[in-house]
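One-letter residues, chain by chain:
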Amino acid sequence: MAGDDSVDESSPLLPARQQDRRLSRLVQQDEEASSMVKSHVTVDEQAMGESTVGERLQYNDYTTIDWLHDLVKDSYRYRYIHARRGIRNMLLSLFDSASGWIAAAIIGTLTACVAFVVDVAEATVSDWKSGYCVRNPFLTREGCCEGKIPLLSAKAEVGSDCEDFKDWSSNYASSFAIYVAFALAFGIISSSATMLTRRSLPAASPGLEDKMQGSDAAQPVASGKSMYMAAGSGIPEIKTILSGFVIPNFLDLKVLVIKGFGAIFAVATGMTLGKEGPFVHISTCCAYLVARWFPKYRDNGRKMREMLAAGCASGLSVAFGAPIGGVLFAYEEISTYFPRKVLWRAFLCSLFAAMVLKALNPTGTGKLVLFETNYGTIYSPIHYLVFVLLGIAGGLFGGAFCKLNFYWSRWFRKYSIIKNHPVFEVFLVVAATALIQYPNPIIREPGDIIIKNLLVDCRGEESSKSWVCEHEANTDGGWDYIGWLAYGTLAKLVLTIVTFGIKVPSGVIIPALDAGALFGRLVGQSIGTISPGIFAMVGAAAFLAGVSRMTISLCVIMFELTGELEYVVPHMIAIMVAKWVADSLGKEGVYDLAQNVLGHPFLDLDHSMALVQKENALVEELIPPRRTMEEITVQVPLSNKVPRKVLEEKLSQLQRRGLMDAGLVLVQNGGMLQGYLAEGELEFGLKELGSLYPSDVEVRLLGDPEEGEFDLTKFVDRTPLTVCAKAPMEYAAEMFGKLGLRHLMVLEEGTGRLVGVIIKKRLVAYLDGLKEEGH
């Protein structure tokens, strides 16, 4: 009996030990899973894990951010920081409130420092094409000669009285050959450096099957593309980023360094490009690198874009010495989200950039105004007709340039030798530019020097040093001079068309200003009542307006660029007329067309709404085909758990589509929407957290998790926004554009059953199709 009693007493203890060990295993498993999530998710996101919004991982490359989610995330951060008591917490709260202002000041200062280095280096390297300074080879011609040379250094026409600057040769043919050789070398250096920033990107828009309504054909793999991060102006890409998309590595330190280095040699070639556009990219890189020091911006895509938008302003501020124009440019041309606090920080950022640049004094004048003029003459009402004429010409130039550059890019760059060897294309363009521009003494110099020469007032003190004024005063050779002006205008149009889009850091602002100043000076030759430089100034603004479609910001930039407040009204007339004429030829400016060529998924709400309003379409047109919906839909049983193998199969289907910002929609009870699980979080859950669980485990997607379960409920968005399938298409465009949605659920009319899911890239692809039909 005693033995039996001992057995009876010990038997119940065995399952109890097993239960304790099992419980201990489950607790340890939960702790490991929790630790793994914490290592990938920010503190603010972890606080949102218990909410209906759910946690998010860091955004995947080339995906869209969730503006609404990041808004709620920032609210969690704000409440956590500002609700605590104590002196230390109060100081942290004050620092958090002031961090945006601190970051803006640092960004402006850093941008000015980079711009100073680029400006000084570019001016020096550019002069090496013609000679060098005997006293110091790193001095520019102007710095070496201390104002002894003419404003226009056309040695073929005027000799220089500066002995400190030694020309490579006194022979025209030899000088021409050396000029071309240096230009080619500089072009190869710039493009070779740009090649170092090549990166492959995933697909930008849905595959063919997503555009074929109702098609059950096998899905093709979405193809990606290659991108050179430091090429071009960077403004189209920045617009894409500020609209909510993630372009990986585009704002990294490596890109900033190569962009500045490449811009020095690209501008020094003498090609019809400028460094003003690249300065916007450089300033945005500075904003990104500085903002990453602050967790407030580093961990929140929405907040980061606020600081990037503010940083853009300092780029134009240092490019033109136009701090107010830089702020307006960021608002009018680049940003899609620009609330008042961003405006204020952009103002401070631009202010610091202007202050520091003025102190560094890269031009040697001690002034911010680059092309200071003082015409001292008052225009009369009759001249309004001339300003209108300049506006018409600027609109025609801009419209023609945008269309021809678009067709040139599509045609010329499709050839394999050009597509696969971008350095060779740069070589050809540099050679053509040098051969065309060198014989013309007006357009031989860099772009900013050309404008400075053309804006000169021949009744001022500098007229005696100006090649332009000497020829305008020479009645015998007047037709030769007029021929140079007409030749220069046409050459700038042709060369800008073939240059914009090559793989070097380049902008289109200075070439457009050059062409407008040339044409304006040409028109001014037939009007003797006021200085021709006035028409060159107004013509420059008109041509840039036709190319870029800027209005208010451009008018302010021209005022700050020249210091001529008296001529604001002529600028307004020419700019407005140029925009109207250019819009009649095509609604999209140069940066919008560059978006189409580059293929970035940019959602421009203004243009998009204009396209949608013409169609009278319903949201149901955006519903993916039945096969696609079957692949992205998960029927969740009443147990709220799904076999792991089902989710792994769904994940592989998502990855084959190659979009990276798609996801799975969760439904119950005959198609009733329950939540949305993005691809990034699904992949992390199955591959990272899933390593802690057996392969045949069931995954909880809805409901309250129990201890030890494979739980993904914290990543499920249980409050996705919805729209009726029969709603007008304007609803979808407005919701994506103004709310910054990442996805939108489509419900059946009357029943509320889920019938479709729209991601932002799908809407962009639909709008691109409307644009192609319109063309």
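Residues numbered from 1 in each chain as written. Predicted model: local features only at pLDDT ≥ 70, side-chain atom pairs only at ≥ 80, totals over all residues. Heavy atoms only, no water.

1. A short note on the UniProt feature "transmembrane region" (unreviewed entry) in the protein
Here comes step 1: UniProt's feature table lists "transmembrane region" (unreviewed entry) at residues 94-118, 176-196, 307-330, 342-361, 381-402, 493-513 and 534-559, given in the numbering used throughout.
Here comes step 2: With 100% helix and 0% strand, the stretch residues 94-118 has end C-alpha atoms that lie 36 Å from each other.
Here comes step 3: Counted over residues 381-402, helix gives 91% and strand 0%. Its end C-alpha atoms are 32 Å apart. (UniProt positions renumbered as here; feature names shortened; annotations may be inferred. Helix = DSSP H or I, 4+ residues; strand = E, 2+ residues; numbered from the N terminus.)

2. Description of the pattern of salt bridges
Here comes step 1: Scanning the model with the defined rule gives 23 salt bridges in all.
Here comes step 2: Of the charged contacts in the structure, one is a salt bridge between D299 and R298, with a shortest N-O distance of 3.5 Å.
Here comes step 3: E620 serves as the salt-bridge partner of K726, at 3.0 Å between the closest nitrogen and oxygen. With K726 in the loop between β11 (722-724) and α31 (729-739) and E620 in the loop between α27 (605-613) and α28 (626-632), this residue pair connects regions lying 106 residues apart in the sequence. (Salt bridge = Lys/Arg side-chain N within 4 Å of Asp/Glu carboxyl O.)

3. Section: a nonpolar patch on the surface
Here comes step 1: Side chains of I188, W411, Y415, I417, F424, F427 and L428 sit close together on the surface and give an oily, nonpolar patch of about 620 Å² of accessible area.
Here comes step 2: Of the residues forming the nonpolar patch, the biggest block, 3 residues, is contributed by helix α18 (residues 422-437).
Here comes step 3: Positionally, L428 belongs in helix α18. (Patch = residues over 30% accessible without salt bridge, like charges linked within 9 Å, V, L, I, M, F, W, Y side chains within 5 Å. Areas by Shrake-Rupley, 256 points an atom, 1.4 Å probe, with all protein chains shown as cover.)

4. Quick word on the state of the cysteines
Here comes step 1: A full pass over the atoms with the stated rule returns 1 disulfide.
Here comes step 2: Covalently, C458 is tied to C469 through a disulfide, its sulfur atoms 2.1 Å apart. Classification of the bridge connecting C458 and C469 rests on its S-S torsion, roughly -95°, and on that basis the disulfide is left-handed. In this pair, C458 sits in the loop between α19 (447-454) and α20 (467-473) while C469 sits in helix α20, placing the two residues 11 residues apart along the sequence.
Here comes step 3: C458 sits in the partly exposed class, given a relative accessible area of 26%.
Here comes step 4: Overall, the relative accessible area of 6% leaves C469 in the buried class.
Here comes step 5: Here C349 is not disulfide-linked; the sulfur of C286 is the nearest cysteine sulfur, at 9.0 Å. (Disulfide = S-S within 2.5 Å. Buried < 20%, exposed > 50% of the residue type's maximum accessible area, 1.4 Å probe, protein only.)

5. Focus: the sheet that holds β11
Here comes step 1: Here we have 3 strands laid out as an open sheet, ordered β11-β12-β13, and mixed in their pairing. If you trace the sheet from one side to the other, it starts and ends with β11 and β13 (754-759), each paired once. Across the sheet, the mean angle separating the axes of adjacent strands is 30° when strand polarity is ignored.
Here comes step 2: In this sheet, β13 lies alongside strand β12 (residues 743-747) in antiparallel orientation, the contact comprising 5 bridges. If you follow V746 over to β13, its bridge partner there is G756.
Here comes step 3: Contacts from α31 reach β11, β12 and β13 within the one sheet, and its direction differs from that of β12 by about 155°. (Pairing = 2+ DSSP bridges. Axes fitted to C-alpha atoms, helices over the stretch in contact; angles between N-to-C directions. Contact = heavy atoms within 4.5 Å.)

6. A closer look at the environment of M572
Here comes step 1: Within the secondary structure, M572 is located in helix α25 (residues 568-585).
Here comes step 2: Sequence separation between M572 and V538 is 34 residues, and the spatial gap between their C-alpha atoms is 9.1 Å.

7. A look at unusual backbone geometry
Here comes step 1: A positive phi angle is found at N361, which is not glycine, with a value near 55°.
Here comes step 2: With respect to the secondary-structure elements, N361 resides in the loop between α15 (340-360) and α16 (383-412).
Here comes step 3: We note that N616 has phi near 55°; this positive angle belongs to a residue other than glycine.

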